Structure formats: structure tokens, C-alpha cells
Amino acid sequence: MPLEVLALSSATAESADFEIAKKIENLLDFYVNLKANSDTSSSIKLSWTKASGYASKYEIYYKKNSATSYSLYGSTTSTTYTISSLSGATKYNFYVRTIGRANTNFISSSPVTWYTLPSKPTNFKVLCDDGQGRIKIQWTQPTGDAFDDVDLCIGNSTTTFSN
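Attention in this report is confined to the structure presented alongside it. (Residues numbered from 1 in each chain as written. Predicted model: local features only at pLDDT ≥ 70, side-chain atom pairs only at ≥ 80, totals over all residues. Heavy atoms only, no water.)

1. Some words on the overall build of the chain
And then number 1: Across its full length, the chain carries one helix and 13 strands.
And then number 2: Counting every position in the chain, which comprises 163 residues, the buried fraction comes to 30%.
And then number 3: As displayed, the chain offers around 10,200 Å² of accessible surface, 49% of which is attributable to carbon and sulfur atoms. (Helix = DSSP H or I, 4+ residues; strand = E, 2+ residues; numbered from the N terminus. Buried < 20%, exposed > 50% of the residue type's maximum accessible area, 1.4 Å probe, protein only. Areas by Shrake-Rupley, 256 points an atom, 1.4 Å probe, with all protein chains shown as cover.)

2. A word on the environment of S71
And then number 1: Turning to its location among the elements, S71 is positioned in strand β5 (residues 71–76).
And then number 2: With 23 residues separating them along the chain, S71 and F94 place their C-alpha atoms 9.4 Å apart.
And then number 3: Ignoring anything within four residues of it in the chain, the contact list for S71 reads I60, Y61 and Y62. (Contact = heavy atoms within 4.5 Å.)

3. A look at the pairing of β5
The side chains of a regular strand alternate between the sheet's two faces.
And then number 1: Two elements, strand β4 (residues 55–64) and β5, share five bridges in a ladder whose sense is antiparallel. Residue pairing across strands places Y58 opposite T76, the latter belonging to β5.
And then number 2: The antiparallel pairing of β4 with β5 creates a hairpin that spans six residues between the two strands. (Pairing = 2+ DSSP bridges.)

4. With respect to the pattern of salt bridges
A side chain of one charge can pair with a side chain of the opposite charge when the charged atoms of the two come close.
And then number 1: Tallied over the full model, the rule gives one salt bridge.
And then number 2: A salt bridge links R97 to E59; its shortest N-O distance comes to 3.9 Å. Taken as a pair, R97 in strand β7 (residues 91–100) and E59 in strand β4 lie far apart in primary sequence, 38 residues in all. No difference in accessibility class separates R97 from E59, as the two residues are buried. (Salt bridge = Lys/Arg side-chain N within 4 Å of Asp/Glu carboxyl O.)

5. Quick word on the environment of T49
And then number 1: As for its position among the elements, T49 is in the loop between β3 (44–47) and β4.
And then number 2: When the C-alpha positions of T49 and K35 are compared, they lie 9.1 Å apart, and in sequence the two are 14 residues distant.

6. Let's talk about the packing of aromatic side chains
And then number 1: If you walk through the whole model with that rule in mind, you get seven aromatic pairs.
And then number 2: Where Y62 meets Y73, the ring centres are 5.4 Å apart and the plane angle is 85°; that geometry is what we call edge-to-face. Placement of Y62 in strand β4 and of Y73 in strand β5 is noted, with a sequence separation of 11 residues between them.
And then number 3: Overall, Y62 belongs to the partly exposed group, its relative accessible area being 24%.
And then number 4: Given the relative accessible area of 29%, Y73 is considered partly exposed. (Phe/Tyr/Trp six-rings, centres within 6.5 Å; stacked < 30°, edge-to-face > 60°.)

7. Some points on the sheet that holds strand β2 (residues 35–37)
And then number 1: A sheet is described by the order of its strands in space; here three strands give the open sequence β2-β3-β6, paired in antiparallel fashion. Single-partner strands in this sheet number two, and they are β2 and β6 (80–83). Here the strands of the sheet are splayed against their neighbours by 20° on average, with no regard to which way each runs. (Axes fitted to C-alpha atoms, helices over the stretch in contact; angles between N-to-C directions.)

8. Considering a nonpolar patch on the surface
And then number 1: The grouping of F124, V126 and I135 at the surface amounts to a nonpolar patch, some 310 Å² of accessible area in total.
And then number 2: Tracing the chain through its elements places F124 in strand β10 (residues 122–126).
And then number 3: On the accessibility criterion, F124 (46% relative accessible area) is partly exposed. (Patch = residues over 30% accessible without salt bridge, like charges linked within 9 Å, V, L, I, M, F, W, Y side chains within 5 Å.)

Spelled out as C-alpha cells, the structure:
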């Protein structure tokens, strides 16, 4: 976990050394155990352990797995946050940044990766018998980088159709 010292309260070297030592001593106060879960195709809920000591708020950063940089999504004083308006069946990366009381030091959690659920197939159609006792089924598959197969369940039987 990197410690970013963005400002010091004094210009003297002795005082600056004391401030840096104090920030390093309290690193564990900022540690957050970030977890993610999703039960929708458009949102992911993050939760983490409350930081003790200096914490005044948390900033939530995210990116699609294929993106090169993170974006700030929002901030909170709570230890849970739901990120919404996401794409279905897509892999995302997140981290939470703990902000100190004086907004002068920041500690970031380790990143966590999670997928949104795929959307349901749409335009599902059962076409007529082909004359040999078979039926034809059509649908529009969901989009997203986590989509693999569609399971078709009829009675107690399940058939998997791969992408």
C-alpha cells in the first residue's frame, strides 16, 4: 500500500520528519479489506473494513478490466458503496482510497476484480416443428466480455449452448 504525502504542516526538516514518521506509524489505521459482489447485470456492491484513526472519507475508483486507468466514481463516509450503470457481463477493477482527516494523506486498498452478471438473452423465439419432431429455438445473446454460454432448461433437463 503506497503512502502519498501530499502536504506537510511545517517547513522545518525536524518537524517534517516528525510528520512523516507519524503518518507511517499510523499506516495500519487506514487498511481496508475490500470485497465486491453483484446480483445484477448493471451494478456491483463494494464493502470494506472501517479504517480507524485518521479516516474522514473513502473515495471509490473503478475501471473496466480492458481500460488502462482508473476513474473516481464517488466518495462516502460509509463502508459500503454500490456502483451502478455498469455494462452486463463485464469485468471491472476497483480500489478504495482512505482519505485522512486533514486531506493530506491517502492510503489505497489492494484492487479487487469482479464481473457484473450477464443480461438475459432477448428475443427468445420457439419456432415450429421442422417435420422431424424437432423445434428450432432462437435468441439474441447478451453482450459483454464475461459471456460464455446460455443454458436452456426444459423440465428437469438442461442443455448448454456455447458462445
